[in-house]
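Chain by chain, the residues run as shown.
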Amino acid sequence: MTLQQLKYVIEIVHCGSINEAARRLFLSQPSLSKAVKELEAELGITIFIRTPKGITLSTDGAEFLGYARQVVEQAELLERRYLGSPSARQLFSVSTQHYAFAVNAFVDMIKKHGADEYQFTLRETRTYEIIEDVKNLRSEIGILYISSFNEKVMGQLLKEEGLLFHPLFQAKPHIFVSAQNPLAGQASVTLEDLEEYPRLSFEQGEFNSFYYAEELFSTLPRSKSIQVSDRATLFNLLIGLNGYTISTGILSEDLNGSNIVPVPLEADETITVGWVAHEKTRLGRMAHVYLQELQNIIEAHLAP
């Protein structure tokens, strides 16, 4: 087993494809596949499960990846300390529901800790895809929420996929509306107050179960309902159509300006936002850095 083989495995997981990893490593696809198969044969385990749709990590592969990342990081520290080697390219991926604070933490991580070379990935995506990304270790961390409505289903799903949920904070539900919306100046609103306004939500694709919804009360019928796929479009529609969406109440003026405001929603419900990671892996250094920046932003917002 060589350090180079460990780097190959890490790059394949990061890319989600042997072909793409081979391209980035300046290798042929057969050469890279052969190196991985030789490593699997030596260790007596299957690291990657190969299917017509691509590759996924096996359970053994997920555990192996955690150790491989640690070994490679430690080797690079030794090289920089004693051989004067330049900083290695940093790798980190996170998949998240559509939260501005998750983007803010990503920005802060890069500004404060980004080296001369890095390859970071931020995926604002659907709930099911977040779980798939972390299960297959395309992302080290996933960010999503749990409520009393989806807790049982989500908890069982995460358990089946070998993922652990770590709470970040709890929040009472808020609506986001345009600063010009008649509801913007109210101290709080009720679900009845929202009936005449368009409800905006993030579509979940073919896995469009209510339990995957990013918004509370997704089962409540509404005469005006719009689904979108990205946060910028949703915010534009909030302003253009006087619509609303339900979320945590944490906004970023740096990213979203002052045109969108949060208003507390009177409802007997709590949102628990947290991060998920694979139970078989150990987080890399940049994942820990990202989580710390995330915690800093949340604490600053929730401070009295």
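Here's what I pulled together on the structure shown here. (Residues numbered from 1 in each chain as written. Predicted model: local features only at pLDDT ≥ 70, side-chain atom pairs only at ≥ 80, totals over all residues. Heavy atoms only, no water.)

1. Structural notes on helix α7 (residues 151–160)
Consideration 1: For α7, every residue scored as buried is listed here: Met154, Leu157 and Leu158. Take α7 and look down its axis: the buried residues cluster within an arc of 95°, on one side only. Seen from the open side of α7, the exposed residues pointing more than 90 degrees away from its buried face are Lys152, Lys159 and Glu160.
Consideration 2: Turning to α7, the residues buried within the fold contact α6 (127–135), β5 (141–146), β6 (163–171) and β12 (271–278). (Buried < 20%, exposed > 50% of the residue type's maximum accessible area, 1.4 Å probe, protein only. Helix = DSSP H or I, 4+ residues; strand = E, 2+ residues; numbered from the N terminus. Arc of directions from axis to C-beta. Contact = heavy atoms within 4.5 Å.)

2. Section: the sheet that holds β5
Consideration 1: With respect to topology, 5 strands assemble into an open sheet ordered β4-β3-β5-β12-β6, the strand pairing being mixed. Bordering the open sheet on either side are β4 (118–124) and β6, each of which pairs with just one other strand. Strand after strand, the sheet turns through a mean of 20° between neighbouring axes, direction not considered.
Consideration 2: Here strand β3 (residues 90–96) pairs with β4 via 7 bridges, running parallel. Within β4, the residue paired with phenylalanine 92 across the bridge is phenylalanine 120.
Consideration 3: Set on the sheet, helix α5 (residues 100–113) makes contact with β3, β4, β5, β6 and β12; between it and β4 the angle comes to about 175°. (Pairing = 2+ DSSP bridges. Axes fitted to C-alpha atoms, helices over the stretch in contact; angles between N-to-C directions.)

Any functional reading would require information that these geometric values do not contain.
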